[in-house]
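# Working through the structure, step by step
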Amino acid sequence: MRFGSIPLTLGILCLAACGGQDAGRISEACRSNADCEATELCATNLCEDGLGECIARPDNCDDVPVSLVCGCDGRTYDNSCSAELVGVRLAQQGACNCQDDSECVDNQFCESTLSCGNAGTCVDPPLMCLPESVGVCGCDGVDYESGCLAAQAGTRVSALGSCGCDTSEECGDGEFCNAITCDGPGVCASPLTSCSDGGTEIVGCDGVIYASVCEAEAAGARAPCTANSNCGSDNYCDGATCDGSGSCFERPTECPTEGPAVCGCDGQTYDNACLAAQAGERVEFVGTCPTES
């Protein structure tokens, strides 16, 4: 894996050129953590070798906001503090890049919300999953009860629903193989029929620009959406997570009043998933949204 480099705030290290009695030797200088105390980190802007400075490791990172960084060990950390806490130098801002799971370390996997085969970023699978209302088709061709459980299994999500096709030729008359990726397994679905105020222009997976998702689907082309504006006023963009790509679905006109209640991605609680879809909101999990105390 090839890493970039990021500037670190280091003290000016005076080497032999500085002259004086201690020329060429500075007690704080280091080339690895072995040159520092157990509570310190050898901070440099290089992953290998390179003269650095021993700095104190943080005590904890509980209050540090998440801002993903890539460590020189090839692991993605929540922030630079989390990497420094375990004595790891930083390779680049942002998650570690990867082409597939083999380029990630430990139990991390190569995640991408746009493709089954394109490059992604190494991330930790979720530690726990809350119940979700929509099952998904994984890029591995296996059905999962939720996108979270697919991530726990170390696979990306390819489509909403049960895996049923790889190409539209495998679907019935009037159906096409739809997915939230362009290159993974999908589900046989009927094209949208409610296309009034059809939404913004979108590039289909066939590389053609369509006036709307409706037109793309009518042509049998996948056209993953990223926002409700791609789908038009009568439809909404549903996905396996609160962000990332999804598929356009018609908003239901009638919904039951019974539960179970769901927490929408807008942070609002709806009496059921149908009412969330009616409002054009994705569901984050089944249950009521947490409230601030």
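Definitions and cut-offs
- Along each chain, the written sequence defines residue order, and numbers are assigned to residues from 1.
- Since the coordinates come from a predicted model, pLDDT governs what is reported: local features require at least 70, and pairs of side-chain atoms require 80 or more to be given and counted, while whole-chain, interface and lining totals use all residues.
- As a rule here, side-chain values cover all heavy atoms of the structure and leave hydrogens and water aside.
- We count a stretch as a helix when DSSP gives it H or I for four or more residues in a row; a strand needs E for two or more, and each element gets its number in order from the N terminus.
- Under the rule applied, a polar contact is a pair of N or O atoms within 3.5 Å (in protein, one hydrogen donor and one hydrogen acceptor; residues adjacent in sequence only if both atoms are side-chain atoms).
- Residue contacts are counted whenever heavy atoms from the two residues lie within 4.5 Å of one another.
- The rule for a salt bridge is simple: a side-chain nitrogen of Lys or Arg has to be within 4 Å of a carboxyl oxygen of Asp or Glu.
- Exposure classes here rest on a 1.4 Å probe applied to the protein chains alone. A residue is buried below 20% of its type maximum, exposed above 50%, and partly exposed in between.
- Of the grid points, spaced at 1 Å and generated over the protein atoms alone, those admitting a 1.4 Å probe that cannot get out make up cavities, while open sets with protein on both sides within 12 Å along at least five of seven lines make up pockets; any residue with an atom within 4 Å of a point is treated as lining.
- Grid points are joined across faces, edges and corners, and a volume is the space filled by probe spheres set on the points.
- Side-chain classes follow a simple rule in which Ala, Val, Leu, Ile, Met, Phe, Trp, Tyr, Cys and Pro form the nonpolar group, Asp, Glu, Lys and Arg form the charged group, and the remainder, Gly included, forms the polar group.
- Scored between 0 and 100, pLDDT is the confidence that the predictor attaches to each residue.

### Points about the side chain of Thr76
Residue position: Thr76 is located in strand S5 (residues 76-77). One polar contact links the side chain of Thr76 to the main-chain amide nitrogen of Cys96, over a distance of 3.0 Å. Thr76 has contacts with Leu68, Val69, Ala95, Cys96, Gln108, Cys122 and Asp124, leaving out every residue within four places of it along the chain.

### Let's talk about the pattern of salt bridges
Two side chains of opposite charge can pair, provided their charged atoms sit close to one another. Here the structure, examined in full by the defined rule, presents one salt bridge. Note that Arg75 and Asp124 form a salt bridge whose closest N and O atoms lie 2.8 Å from each other. Here Asp124 lies in the loop between strand S9 (120-123) and strand S10 (136-138) and Arg75 lies in the loop between strand S4 (69-71) and S5, a separation of 49 residues in the sequence. The exposure class of Asp124 is partly exposed, given its relative accessible area of 38%.

### Some points on empty space enclosed by the protein
Counted by the stated rule, this structure contains one cavity of 30 Å³ or more. What the largest cavity holds in volume is close to 30 Å³. Lining of the largest cavity is provided by Asn178, Ala179, Val213, Glu217, Ala223, Pro224, Ser247 and Cys248. Elements with a contribution of two residues or more to the lining of the largest cavity: helix H3 (213-218) and strand S18 (247-250). Residues of the lining of the largest cavity, tallied by class, amount to five nonpolar, two polar and one charged.

### Thoughts on the confidence of the model for the protein chain
This prediction gives the protein chain a mean pLDDT of 85; 88% of its residues lie at or above 70. Here residues 1-26 is modelled with pLDDT under 50, and outside its nearest four sequence neighbours on either side it reaches 38 contacts, counting other chains as well.

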